[in-house]
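Geometric and topological summary
Take a look at the letters that make up each chain.
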Amino acid sequence: MDLLSSALMAAATVATAYSAYQSSLWNSEYARHKSTSTTATIKAAELSNLALQRTGMHVSLFVQWLAAARDGKGETADFLLARLPEPLGAVTREWWASNPLTNPQAAASPFELPGYRIREREESVQWAETAERATDAAERASATSNRYLLFTIVFASVLFFAGISGKFGLQAIDVAVLVLGLLTLLVGVTVMLASPRA
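Read on for a plain summary of the structure. (Residues numbered from 1 in each chain as written. Predicted model: local features only at pLDDT ≥ 70, side-chain atom pairs only at ≥ 80, totals over all residues. Heavy atoms only, no water.)

So, on to the packing of helix α4 (residues 119-164) against helix α5 (residues 171-194). Two elements in contact, α4 and α5, have axes separated by 8 Å at closest approach and are oriented at 160 degrees. Classed by the angle they form, the pair α4 and α5 counts as roughly antiparallel. As for how α4 packs across α5, the hand of that crossing is left-handed. Residue-level contacts link Y148, F151, V154, F155, S157, V158, F161 and I164 of α4 to D174, V177, L180, G181, T184, L185, G188, V189, V191 and M192 of α5. A class-by-class count of the residues in the contact of α4 with α5 yields 13 nonpolar, 4 polar and 1 charged. (Axes fitted to C-alpha atoms, helices over the stretch in contact; angles between N-to-C directions. Helix = DSSP H or I, 4+ residues; strand = E, 2+ residues; numbered from the N terminus. Parallel < 35°, antiparallel > 145°, perpendicular 65-115°, else oblique. Left-handed = near helix turned anticlockwise from the far one by under 90°. Contact = heavy atoms within 4.5 Å. Nonpolar A, V, L, I, M, F, W, Y, C, P; charged D, E, K, R; others polar.)

If you want it as structure tokens, here you go:
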């Protein structure tokens, strides 16, 4: 009985150490993905802010140009149009060529045309997607780390069963406790081996 109990305790100790090691590795994976997510979120916010600033400046320039063009101030309108930053200049020319003041099919503004694309806005979306993927990976790593931590508790119970077997003085109870510990170990190891490894 003592030999079987010792063998069970040794196996449970190895399984406990392995599950603690895997939990630690997955915790490191969580930290790495969380760091990536935080960095990407900050970058997305910075780029989104730049895109909003750039769009605000474009709207202001466009309104100045439109007021000059509508009021018949051709020299001022031409001056502003020649100096509109891209992509605003190209889409404004395209929009104006569609006769928006008389054409009901024309876009409401050049900002609605497909050619009006702000690089910072597109990069912000890409960084936001990176942050989302990293957050998902961090959550999966955290869940896996917690699962391995739970295995350490399962294997600690095996150590408990192995430790108390042989202490009852009744062979039937001692064998039942040892078998219970062995079954707990086998189920725990089987589920643990089916879990992802870092």
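Now, onward.
As for its position among the elements, F155 is in helix α4. Residue classification places F155 among the buried residues on the basis of a relative accessible area of 0%. Separated by 146 residues in the primary sequence, F155 and M9 have C-alpha atoms spaced 9.2 Å apart. Filtering out sequence-adjacent residues up to four positions away, F155 remains in contact with A12, A15, T16, S19, L185, G188, V189 and M192. (Buried < 20%, exposed > 50% of the residue type's maximum accessible area, 1.4 Å probe, protein only.)

On to a nonpolar patch on the surface, then. A cluster of nonpolar side chains, V175, V179, L182, L183 and L186, forms an exposed patch at the surface whose accessible area comes to about 400 Å². With respect to the helices and strands, the residue L186 is situated in helix α5. Among the residues examined, L186 registers a relative accessible area of 45% and is labelled partly exposed. (Patch = residues over 30% accessible without salt bridge, like charges linked within 9 Å, V, L, I, M, F, W, Y side chains within 5 Å. Areas by Shrake-Rupley, 256 points an atom, 1.4 Å probe, with all protein chains shown as cover. Salt bridge = Lys/Arg side-chain N within 4 Å of Asp/Glu carboxyl O.)

In the structure shown here, the tally under the stated rule is 9 aromatic pairs. A centroid spacing of 4.9 Å and a plane angle of 90 degrees characterise the contact between F111 and Y116, whose relative ring orientation is edge-to-face. A relative accessible area of 9% means that Y116 is categorised as buried. Here the aromatic rings of F160 and F161 are separated by 5.8 Å at their centres, their planes lie at 55 degrees, and the arrangement is tilted. Connected via pairs of aromatic rings, a cluster forms that spans F62, W65, W95, W96, F111 and Y116. (Phe/Tyr/Trp six-rings, centres within 6.5 Å; stacked < 30°, edge-to-face > 60°.)

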